[in-house]
Structure formats: structure tokens, C-alpha cells
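A look at the structure
One letter stands for each residue in the lines below.
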Amino acid sequence: MAELHLGQLMAYRGDPLVEGPEAVLPIRHGALLIANGMIVDIGEAADLCAAHPGATLVDHGDHLLSPGFIDAHVHYPQTAIIASWGKRLIDWLNSYTFPEEMRFGDPAYAADVAGRYLDLALSNGTTTACSYCTIHPQSVDAIFQAAQARGMRMLAGKTCMDRNAPEGLRDTAQTAYDQSAALLARWHGVDRLSYVITPRFSPTSSREQLSALGALWAEHPDCLMQTHLSEQVDEIAWVKSLYPEARDYLDTYESHGLLGENALYGHAIHLTPRESARIAEVGAALIHCPTSNSFIGSGLFDWPARMAEGQRIGLATDTGGGSNFSMLRTMAAAYEVGQLTHQPLHPAQLWWLATQGSARALRIGDKVGALAPGMEADFIAVDLASTPVIAQRATRANDFWEALFPTIMMGDDRAIAGVWIGGKKRA
Ligand code: GUN
Ligand code: ZN
């Protein structure tokens, strides 16, 4: 049975980071035709109502119908330690993160947090995420089973570490390869799930482990590979001391088979010219994690340089180094970083980053992240007057973008009026 959802919409005509905000077209009285879990048509409400008189009407009034948000870098196992005070990256990992990740050897605990994380994500309008797990294979099973039960498109992988991590949180080059290969065989391409090869970062992997995961990736080049790159200055100095032979941080990955177009590099704040040029040449993705970058004290993503290079960029919360589950809050933080680097991003660019930009970075831009015929029907209804302060600002707006921007800057889960996964209402 077809459903015709009426509301405000945005149609993506191109990449607004490259072509400018005009690449996103607001439709004030729009309609979305959904059938069999897919988007069948999108356009002006009057046109679609006339063309599909048999469809069930669902009128969302002035709410904005948007693709569900796509969070391109999260650590679901850090859900319970979000907002941990006072540490920078390496101390934060040792003080808060590693002790918490240790607990995921218990499948019941992993299942509990996986379900809690996905419910928090959905209540914030996030319908797809790309998550790190822990070294425990059961932490991967937990998130995939929880996503499967909710019908969600989800990407995740076992976080591999064989050094500079505590006893109980280390694998080896061989077990990292074997367990990742087994999880990939079990989950990759099942329902809406994708396995992501996941070395945590160079400091917690030996050369042998990076090479083993590089070999696994070469055997499965359609898989994504995610890791962290140049997040904090102290971390970069540590990488230099651990890998004196490397030209730079990126080279620790490149020389072990971990650079390619299906790579995702989280943070990527302090890049050298060689690193950024090489990443652009290869077409790998950079994942911007703005709340995390300020919360952990890492620095400012260089928006002007990265945009000038035409980098493929996704947006992410980096929960729980990031300080929020909300992609609205994350867009606001990205805007502030843009301001601090003299590249103020337009609301069209911010919203696109949180949907189609992240989807493209994750190589699923043809499936989710846009409202277009043939896409999977993961969408949300957003209330653009969700709190009194947002409502009073929005009434002063002169155009669509001015009406949207207060929700980007001040909105949270209260703005998410509904969430549909595969055309079915979930939250
Ligand atoms: N670098 C290596 N591991 C992590 C992590 O868990 N969070 C963040 N923000 N950076 C990292
Ligand atoms: Zn991370």
C-alpha cells in the first residue's frame, strides 16, 4: 500500500560543497511517495496527490521531511562513558575508554549497550551509523543483531589492537585477521549490514597487525576500512616515535595496505600537504567529528583547505569522544568550526553533510541519505519549531534556510517528530 507523505522537503541536485547551496532545492509543499520500503516519487504535493489518488495521505504540516541522518563515525561501546571530564585523547582512552571497552567481553552487556545506543540514535533521527566495536567479536554480533532487529542499515567492525592497550583488550596480528575475516563472512551483505575492517589507529597496532588487516582488505576490496588519523598533536608525535621509518602518519597506513578509495579516516585535523594531497588523489573519505574535536581538545578541521582540495567528507558524532548523539548538534559544531576557520557553511551544506555527504563517504549514497526515487525509505520528520526559542526565531525567518538554521543551531531530539525505517514508523 502506497503512502504519500506531505511536508517540506529538500531535493539534492548536486554536491553543495562543490556547487554551492543552490545544489539543494527546498520544496515548501512537497510530497514523498513510499511503497514497499522504498521512495517511489518526490515532488510538489499538488502534482503527486493528483498522480496518486489511491495513496494513503500522511500530512506532516510544516514539518521538514528529510533523509534520516547518517553518522559516519561512532563508537557505540562508549555510549555509557559519554561526557567524561578533563582528559585529552591518550589519557581519555586510558582512563575512561579502555576500562569500559573491557566490559564488552560479556555478550549480555554488549547487547544491552548496543540496543541502548541504537534507540538513542533513532530518537535523534539517525537511521544509519558506521561504528567501531571493541576487540571482542561478540561486540560486533551485538550491534549487528540489534540493527537487524530494527531493520536498520548499519556498518561496523571489530576494533583491532595488539599493543599499547591493557591486558584483556589486545588481540594479535593473527587473531585480528582471523576474527575480522570470520565476522566479515558472517555479516557483510546480510540484510542491510556491512562489515568494516577496523584497525583502531597506528599506536595500538603493530606493523604486523596493520599488514594483516591490509591483506584482509585486499581480499575484500568492496569493504570499507575505518581508522583514526592525525587527531591530536601528541598522538602524531607518538606515531612518529613508534614508526620512525614512516614519512608521516598517513604513511603508517599506506605502507601497510591501508590506503584506498574505500578508506575512512576519522578526524584528520593536522594533515601535512603530502597527506591531504594523497588522500584527495586516492579519493578516500575524511570524517569530520566536530563535537569530539573540541571536547577532547584536538583542534579545528581545516574546512577551507579540505574544501579547496575537493575532499570527500562525512560528518559524525564520534560518540563518546563526541559529546552528543545528535547530528543537529553536530551540524551546529561543524558550523562553528567553519566560522573559526573562515569557511561558514551554509545550512544546505550542513544538512547535506549529515545525510548525503556521510552516505557518500560510506559508499551508500545510492541507497540512503537522499529523498529520491529508488532510495530506501529511511526518513525523518523534523519539527522546525520544536522549542519556544526556536519557534520564535523561526517566525522571523525570511526564507526556508533562515527557518531551518535555528533548528540546526539549537535543535535536539525534541525536533525529531518521527522516524521511518524502510517505510515503517519506528520512533
Ligand atoms: N583514537 C583512537 N581511538 C579513539 C577513540 O576511541 N576515540 C577518539 N576520539 N579517538 C581515538
Ligand atoms: Zn573515533
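Values in this document were obtained by computation on a predicted structure and should not be read as measured data.

Let us now look at the overall build of the chain. For the chain, the count of helices and strands is 16 helices and 16 strands. Against the 2.2 N^0.38 benchmark of 22 Å for 427 residues, the chain shows a C-alpha radius of gyration of 21 Å, consistent with a compact globule. Expressed along its principal axes, the backbone C-alpha trace of the chain runs to roughly 65 × 45 × 40 Å. When the 427 residues of the chain are sorted by exposure, 60% land in the buried category.

Every one of the 13 residues lining ligand 1 counts as a neighbour, but His-75, Gln-78, Arg-200, Glu-231 and Asp-318 are closest to it. With respect to ligand 1, the side chain of Gln-78 contributes an N or O atom lying 2.9 Å from an oxygen atom. Starting from 280 Å² of accessible surface for ligand 1 in isolation, the protein chains cover 100%. No other element matches helix H3 (residues 89-102), which puts 3 residues into the shell around ligand 1. When grouped by side-chain class, the residues that make up the shell around ligand 1 number 5 nonpolar, 5 polar and 3 charged.

In this structure, His-73 (NE2), His-75 (NE2), His-228 (NE2) and Asp-318 (OD) serve as the protein donors to the zinc ion (ligand 2), at separations of 2.0 to 2.7 Å. Read N to C, the donor residues that coordinate the zinc ion (ligand 2) are spaced as H-x1-H-x152-H-x89-D. The two residues His-73 and His-75 agree in class, both being buried.

Time to look at the side chain of His-228. Its location among the elements puts His-228 in strand E10 (residues 224-229). A distance of 3.3 Å separates the side chain of His-228 from the side chain of His-75, its partner in a polar contact. Side-chain polar atoms of His-228 contact the backbone oxygen of Arg-200, separated by 2.8 Å. Once residues lying within four places of it in the same chain are set aside, the contact partners of His-228 are His-73, His-75, Tyr-132, Arg-200, Phe-201, Tyr-249, Tyr-253, Gly-266 and His-267.

On to the UniProt feature "domain: Amidohydrolase-related" (unreviewed entry) in the chain, then. Per the UniProt record, "domain: Amidohydrolase-related" (unreviewed entry) is found at residues 65-424. Taken end to end, residues 65-424 is 44% helix and 17% strand, and its two terminal C-alpha atoms sit 14 Å from one another.

Our focus in this paragraph is the environment of Tyr-76. In this fold, Tyr-76 is placed in the loop between strand E5 (69-75) and H3. When residues no more than four places from it in sequence are discounted, the contact partners of Tyr-76 are Phe-104, Ala-110, Val-113, Ala-114, Tyr-117, Ser-131, Tyr-132, Cys-133, Ser-139, Ala-142 and Ile-143.

Time to look at the packing of helix H6 (residues 173-187) against helix H7 (residues 207-219). Between H6 and H7, whose axes approach to 8 Å, the crossing angle comes to 25°. The orientation of H6 relative to H7 falls into the category roughly parallel. In the packing of H6 onto H7, the handedness of the crossing is right-handed. Side by side, H6 and H7 meet where Ala-173, Ala-176, Tyr-177, Ser-180 and Ala-181 of the first sit next to Glu-208, Gln-209, Ala-212, Leu-213, Leu-216 and Glu-219 of the second. A per-class count over the contact of H6 with H7 returns 7 nonpolar, 2 polar and 2 charged.

About the thresholds
Residues numbered from 1 in each chain as written. Chains lettered and ligands numbered in written order. Predicted model: local features only at pLDDT ≥ 70, side-chain atom pairs only at ≥ 80, totals over all residues. Heavy atoms only, no water. Helix = DSSP H or I, 4+ residues; strand = E, 2+ residues; numbered from the N terminus. Rg over C-alpha atoms; globule rule 2.2 N^0.38 Å. Buried < 20%, exposed > 50% of the residue type's maximum accessible area, 1.4 Å probe, protein only. Near = heavy atom within 4 Å. Polar contact = N/O pair within 3.5 Å; in protein donor to acceptor, adjacent residues only side chain to side chain. Areas by Shrake-Rupley, 256 points an atom, 1.4 Å probe, with all protein chains shown as cover. Nonpolar A, V, L, I, M, F, W, Y, C, P; charged D, E, K, R; others polar. Donors = N, O, S within 2.8 Å, 3.2 Å for Na, K, Ca; no water. Contact = heavy atoms within 4.5 Å. UniProt positions renumbered as here; feature names shortened; annotations may be inferred. Axes fitted to C-alpha atoms, helices over the stretch in contact; angles between N-to-C directions. Parallel < 35°, antiparallel > 145°, perpendicular 65-115°, else oblique. Left-handed = near helix turned anticlockwise from the far one by under 90°.

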